[in-house]
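A structural walkthrough
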Amino acid sequence: MNTKPACGPERDPEFFAEIDRVFARYPEAARRYAVRCMRHELEILKIDFTRQVGLSRVEDGRIVTEFHDRDDDMVRSSHHACCEWYQSKCSKQCRE
C-alpha cells in the first residue's frame, strides 16, 4: 500500500522547501519557531480555531493543552501569551 504521510516534507515538499529557505534567511528567528502538523487538533479533536484556543501549561514534565472557547472566562482571565499561530490567528496560549 502506497499512501502519503499525513504531514511533513514527503506530503508537501514545495511548502517545506520554501520554509527551509525562509529559515535560512532568518536564522535568529528560525531558532524560535518550528513547523508542526495540526492533524490531531483538526481531524481527530475537530478543534475550530475560529471559536477555540488552546491553553497550555507545564505539569510534571509534560506540556498539557486544553481547548476552550475564545470567549470563555478561563481564556479571558488567563495570563498566557500567544505561543502558536494557525493561519495568522493565535491557536495556543502558553504560560510565560
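Basis of the calculations
Residues numbered from 1 in each chain as written. Predicted model: local features only at pLDDT ≥ 70, side-chain atom pairs only at ≥ 80, totals over all residues. Heavy atoms only, no water. Helix = DSSP H or I, 4+ residues; strand = E, 2+ residues; numbered from the N terminus. Buried < 20%, exposed > 50% of the residue type's maximum accessible area, 1.4 Å probe, protein only. Contact = heavy atoms within 4.5 Å. Areas by Shrake-Rupley, 256 points an atom, 1.4 Å probe, with all protein chains shown as cover. Lys, Arg positive; Asp, Glu negative; His and termini not counted. Charge placed at Lys NZ, Arg CZ, Asp CG, Glu CD. Salt bridge = Lys/Arg side-chain N within 4 Å of Asp/Glu carboxyl O. Pairing = 2+ DSSP bridges. Axes fitted to C-alpha atoms, helices over the stretch in contact; angles between N-to-C directions. Disulfide = S-S within 2.5 Å.

Some details on the overall build of the chain
Secondary structure summary: the chain contains four helices and four strands in total. When the helices and strands of the chain are placed in sequence order, the string is α-α-α-β-β-α-β-β. Viewed in the frame of its principal axes, the chain has a C-alpha envelope of about 45 × 40 × 30 Å. Residues counted as buried form 25% of the 96 residues belonging to the chain. Sequence separation of 24 or more characterises 29% of the internal contacts of the chain that already satisfy a separation of 6 or more. With the model as given, the accessible surface of the chain reaches about 7700 Å², and the carbon-plus-sulfur share is 51%. Seen as two clouds, the 17 positive and the 18 negative side-chain charges of the chain have centres 2 Å apart.

As for the pattern of salt bridges
Per the stated rule, a full pass over the model turns up eleven salt bridges. Here Arg36 makes a salt bridge to Glu84, at a shortest N to O gap of 2.6 Å. Residue Arg36 is located in the loop between helix H2 (27–30) and helix H3 (39–44), and its partner Glu84 is located in strand S3 (residues 80–86); the two are separated by 48 residues in the primary sequence. For Glu84, a relative accessible area of 15% puts it in the buried group. Arg57 is paired through a salt bridge with Glu66; the nearest N and O atoms lie 3.6 Å apart. The class for Arg57 is partly exposed, based on a relative accessible area of 22%.

Side note on the sheet that holds strand S1 (residues 52–59)
As a general point, the strands of a sheet are linked pairwise by backbone hydrogen bonds and lie either parallel or antiparallel. Spatially, the four strands line up as an open sheet ordered S2-S1-S4-S3, and their pairing is mixed. The open sheet terminates on both sides in strands that have one partner only, identified here as strand S2 (62–69) and S3. Between one strand and the next, the sheet's axes are offset by a mean angle of 30 degrees, whatever the strand orientation. Looking at chain direction, S1 and S2 are connected through eight bridges and run antiparallel. Residue pairing for S2: Gly54 is matched across the bridge by Phe67.

Brief notes about the state of the cysteines
One way to say it: the disulfide is the covalent bond shared by the sulfur atoms of two cysteines. All chains considered together, the criterion is met by three disulfides. Across a sulfur-sulfur distance of 1.8 Å, Cys7 and Cys37 are joined as a disulfide pair. Here Cys7, found in the segment before helix H1 (13–25), pairs with Cys37, found in the loop between H2 and H3; they are 30 residues apart in sequence, far enough to count as distant. Cys7 sits in the partly exposed class, given a relative accessible area of 32%. The exposure class assigned to Cys37 is partly exposed, which follows from its relative accessible area of 31%. Disulfide partner of Cys83: Cys94, at an S-S distance of 1.9 Å. Around the S-S axis, the bridge from Cys83 to Cys94 shows a dihedral of about 50 degrees and counts as right-handed. Remark: Cys94 occurs in strand S4 (residues 89–95) and Cys83 occurs in strand S3; sequence separation between them is eleven residues.

Read these as spatial facts, not as claims about activity.
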